[in-house]
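Observations on chain architecture
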Amino acid sequence: MIAVRVAQVGLDPATNSPVVLLREEDGDRVLPILIGPAEAGAIAMELQGLRPQRPMTHDLVKRLILGLGGELRRVLIADLREDTYFAELELVREGEVIRVDARPSDGIAVALRFQAPIFLAEALLEGRSPAANDPPPPDGAELLRTYLENLDPQDLGRFQP
């Protein structure tokens, strides 16, 4: 994994879409990631030190993590599949590491609020997917089926009204 920082948020001239540029800390390689306008605004506001009157979603996420006794250790942008980047928030609570799936733009916005480091899989800076040879992740229906197959029937009572 390579440590990166947000170099710039702007518009991609080819698509006129918001883009965040991540630059490696100890080098010159840059990774552009197209993001949504709301996330671009949240990242830009934090970079500029602007504080809205009411908390934005990423501020709420920070408050929830802290309120539950956790901290954000780092954000990992670890994969690219079918033109979509995948990231994780790596949280720590009471010594336990918890990884939460996130869009890179949301992960970046939260990392900036925590002043937490952001890391990229080196393969992404080289223009390839680190998991290209990995099997695809299970879909939601498969995960639910597996969960229900392994559920102890005694646990079902907990979910009754």
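Scope of this entry: the structure provided in the associated data block. (Residues numbered from 1 in each chain as written. Predicted model: local features only at pLDDT ≥ 70, side-chain atom pairs only at ≥ 80, totals over all residues. Heavy atoms only, no water.)

Thoughts on the sheet that holds strand β3 (residues 30-34)
The seven strands lie next to each other as β3-β2-β1-β7-β4-β5-β6, forming an open sheet whose pairing is mixed. In this open sheet, the two strands that pair with only one neighbour each are β3 and β6 (96-102). Neighbour-to-neighbour, the strand axes of this sheet turn through a mean angle of 35°, independent of strand direction. Relative to strand β5 (residues 84-93), strand β4 (residues 70-81) is paired through 10 bridges, and the arrangement is antiparallel. Across the sheet, residue L76 finds its bridge partner in β5, namely E88. Packed on one face of the sheet, helix α1 (residues 37-48) meets β1 (2-11) and β2 (18-24) and runs near 110° to β1. Contacts from helix α3 (residues 104-114) reach β1, β2, β3, β4, β5, β6 and β7 (118-120), with the element oriented near 155° to β4. (Pairing = 2+ DSSP bridges. Helix = DSSP H or I, 4+ residues; strand = E, 2+ residues; numbered from the N terminus. Axes fitted to C-alpha atoms, helices over the stretch in contact; angles between N-to-C directions. Contact = heavy atoms within 4.5 Å.)

A word on the pairing of β1
Of the pairings in the sheet, the one linking β1 to β7 comprises three bridges and is antiparallel in character. Within the sheet, the bridge partner assigned to I2 lies in β7 and is L120. Where β1 and β2 come together, seven bridges link them in antiparallel fashion. Opposite Q8, over in β2, you have L21 as the bridge partner. The antiparallel hairpin formed by β1 and β2 contains six residues in its connecting segment, where N16 sits at a positive phi of about 60°.

Quick look at the packing of aromatic side chains
Tallied over the full model, the rule gives zero aromatic pairs. Against the face of F119 rests R74, its NZ or CZ located 5.5 Å from the ring centre. (Phe/Tyr/Trp six-rings, centres within 6.5 Å; stacked < 30°, edge-to-face > 60°. Lys NZ or Arg CZ within 6 Å of the ring centre and 35° of its normal.)

So, the packing of helix α2 (residues 57-67) against α3
For any two helices packed against each other, one specifies the crossing angle of their axes together with the interaxial distance. At their nearest, the axes of α2 and α3 sit 9 Å apart, and the two run at 60° to each other. Here α3 runs oblique to α2, going by the angle between their axes. Like other packed secondary-structure pairs, α2 and α3 cross with a definite hand, here right-handed. Contacts between α2 and α3 involve H58, D59, V61, K62, I65 and L66 from the first element and D106, A109, V110, R113 and F114 from the second. Among the residues forming the contact of α2 with α3, the class breakdown is six nonpolar, one polar and four charged. (Parallel < 35°, antiparallel > 145°, perpendicular 65-115°, else oblique. Left-handed = near helix turned anticlockwise from the far one by under 90°. Nonpolar A, V, L, I, M, F, W, Y, C, P; charged D, E, K, R; others polar.)

Re the pattern of salt bridges
Going through the model one piece at a time under the given rule, you end up with 12 salt bridges. Of the charged contacts, one joins E122 and R29 as a salt bridge, the two residues approaching to 3.4 Å between their closest N and O atoms. Here E122, found in helix α4 (residues 122-125), pairs with R29, found in the loop between β2 and β3; they are 93 residues apart in sequence, far enough to count as distant. Overlapping salt bridges, with partners in common, bring together R73, R74, E88, E90 and R99 in one network. (Salt bridge = Lys/Arg side-chain N within 4 Å of Asp/Glu carboxyl O.)

Here we look at the pairing of β4
Hairpin connection between β4 and β5: a loop of two residues separates the two successive antiparallel strands, and E82 in this loop has a positive phi of roughly 50°. Pairing analysis gives three bridges linking β4 to β7, with the strands arranged parallel. Bridging from a neighbouring strand, V75 pairs with I118 of β7.

Section: a nonpolar patch on the surface
The grouping of L60, L64 and L68 at the surface amounts to a nonpolar patch, some 300 Å² of accessible area in total. Considering the arrangement of structural elements, one finds L60 in helix α2. (Patch = residues over 30% accessible without salt bridge, like charges linked within 9 Å, V, L, I, M, F, W, Y side chains within 5 Å. Areas by Shrake-Rupley, 256 points an atom, 1.4 Å probe, with all protein chains shown as cover.)

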